[in-house]
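Below are the chains, spelled out letter by letter.
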Amino acid sequence: IEYMVLTNNSMSTPRDLSARLRNTGLDIPAERIWTSATATANFLSSQVSSSKAYVVGESGLTTAMHEAGWILTNDDPDFVVLGETRTYSFEAITNAINLIPATGAVAALITAATNREPYYVGKPNPVMMRSALNHIGAHSEHTVMIGDRMDTDVKAGLEAGMRTVLVRSGISDDREISRY
């Protein structure tokens, strides 16, 4: 059975996540892990041929961008890409603001400073789901999204035309479920 493990974690590479999962007893090969960083690099490459991007983020995001053929630069980039990082620097955020922005509170900060809305590629955006499906050659009609969150996993699966299964080990309680 073809499968992919999807995560909104853009800080780690699929290989790093595979090693971390292996330490917990789950043997998930890196090529079966689709991160929001991978989805972002894939999405941008589908918009234009690989070009230049200014990236604020960890190795998971920069590696995905490099592997997709992008040149990372702060000199006249075509896109500004913002991912999760433990070390947002004032300099990096200022550069992003000056270059025109592309997660969470930092995206809101950049939006407030530039009056431009970012486009989120990670879950629940169905773009992430569709790019993972395309990666393994699967169709949404024959695919099930299994996840532990209504607001990201189940919503993304439904919006991508999949059947969904909610695993009740996550943050979605009965109240959250009835809300959706």
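Scroll up a little and you will see the structure.
Worth saying up front: this structure is predicted, and the values here are computed from it rather than measured.

What counts and how
Residues numbered from 1 in each chain as written. Predicted model: local features only at pLDDT ≥ 70, side-chain atom pairs only at ≥ 80, totals over all residues. Heavy atoms only, no water. Helix = DSSP H or I, 4+ residues; strand = E, 2+ residues; numbered from the N terminus. Buried < 20%, exposed > 50% of the residue type's maximum accessible area, 1.4 Å probe, protein only. Areas by Shrake-Rupley, 256 points an atom, 1.4 Å probe, with all protein chains shown as cover. Lys, Arg positive; Asp, Glu negative; His and termini not counted. Charge placed at Lys NZ, Arg CZ, Asp CG, Glu CD. Pairing = 2+ DSSP bridges. Contact = heavy atoms within 4.5 Å. Axes fitted to C-alpha atoms, helices over the stretch in contact; angles between N-to-C directions. Parallel < 35°, antiparallel > 145°, perpendicular 65-115°, else oblique. Left-handed = near helix turned anticlockwise from the far one by under 90°. Nonpolar A, V, L, I, M, F, W, Y, C, P; charged D, E, K, R; others polar. Patch = residues over 30% accessible without salt bridge, like charges linked within 9 Å, V, L, I, M, F, W, Y side chains within 5 Å. Salt bridge = Lys/Arg side-chain N within 4 Å of Asp/Glu carboxyl O. Arc of directions from axis to C-beta.

**Observations regarding the overall build of the chain**
- Within the chain one finds eight helices and seven strands.
- Along the three orthogonal principal directions, the C-alpha set of the chain runs to about 45 × 35 × 30 Å.
- Relative to its full complement of 180 residues, the chain shows a buried share of 41%.
- Carbon and sulfur atoms provide 50% of the accessible area of the chain, an area that totals close to 10,200 Å².
- Measuring between centres, the 15 positive side-chain charges of the chain sit 4 Å from its 20 negative side-chain charges.

**Some words on the sheet that holds strand β4 (residues 71-72)**
- Taken in spatial order, the three strands of this open sheet run β4-β3-β5, and their pairing is parallel. On the outer flanks of this sheet lie β4 and β5 (79-82), each paired with one strand and no other.
- Pairing geometry for strand β3 (residues 52-56) and β4, over two bridges, is parallel. Residue pairing across strands places Lys52 opposite Ile71, the latter belonging to β4.
- Packed on one face of the sheet, helix α3 (residues 59-67) meets β3, β4 and β5 and runs near 170 degrees to β3.

**Side note on the packing of helix α6 (residues 126-136) against helix α7 (residues 150-159)**
- Interaxial distance between α6 and α7 falls to 8 Å at its minimum, and their mutual angle equals 70 degrees. By the angle between their axes, α6 is roughly perpendicular relative to α7. Every pair of crossing elements has a handedness; the one defined by α6 and α7 is right-handed. Of the residues in α7, those touching α6 at Pro126, Met129 and Arg130 are Ala156, Gly157 and Glu159.
- When grouped by side-chain class, the residues that make up the contact of α6 with α7 number three nonpolar, one polar and two charged.

**Considerations on a nonpolar patch on the surface**
- Taken together, the side chains of Val144, Ile146, Val165 and Val167 define a hydrophobic patch exposed on the protein surface, amounting to about 300 Å² of accessible area.
- Residue position: Ile146 is located in strand β6 (residues 144-147).

**Describing unusual backbone geometry**
- The amide bond that connects Lys123 to the next residue, Pro124, takes the cis arrangement and shows omega of 15 degrees.
- Position of Pro124 among the secondary structure elements: in the loop between α5 (104-114) and α6.
- In this structure, Asn115 takes a positive phi of about 60 degrees despite not being glycine.
- Mapped onto the elements, Asn115 comes out in the loop between α5 and α6.

**Looking at α3**
- For α3, every residue scored as buried is listed here: Gly60, Leu61, Ala64 and Met65. On an axial view of α3, the arc spanned by its buried residues comes to 125 degrees, and they lie on one face.
- Contacts made by the buried residues of α3 are with α2 (36-47), β3, β4 and β5.

**As for the pattern of salt bridges**
- Applying the stated criterion across every chain, the model contains seven salt bridges.
- Put simply, Arg22 and Asp27 hold a salt bridge, and the shortest N to O gap is 3.8 Å.
- For Arg22, a relative accessible area of 46% translates into the label partly exposed.
- Between Arg179 and Glu176 there is a salt bridge; the shortest N-O distance is 3.6 Å. With Arg179 and Glu176 both in helix α8 (residues 174-179) and three residues apart, the pair spans about one turn of that helix.

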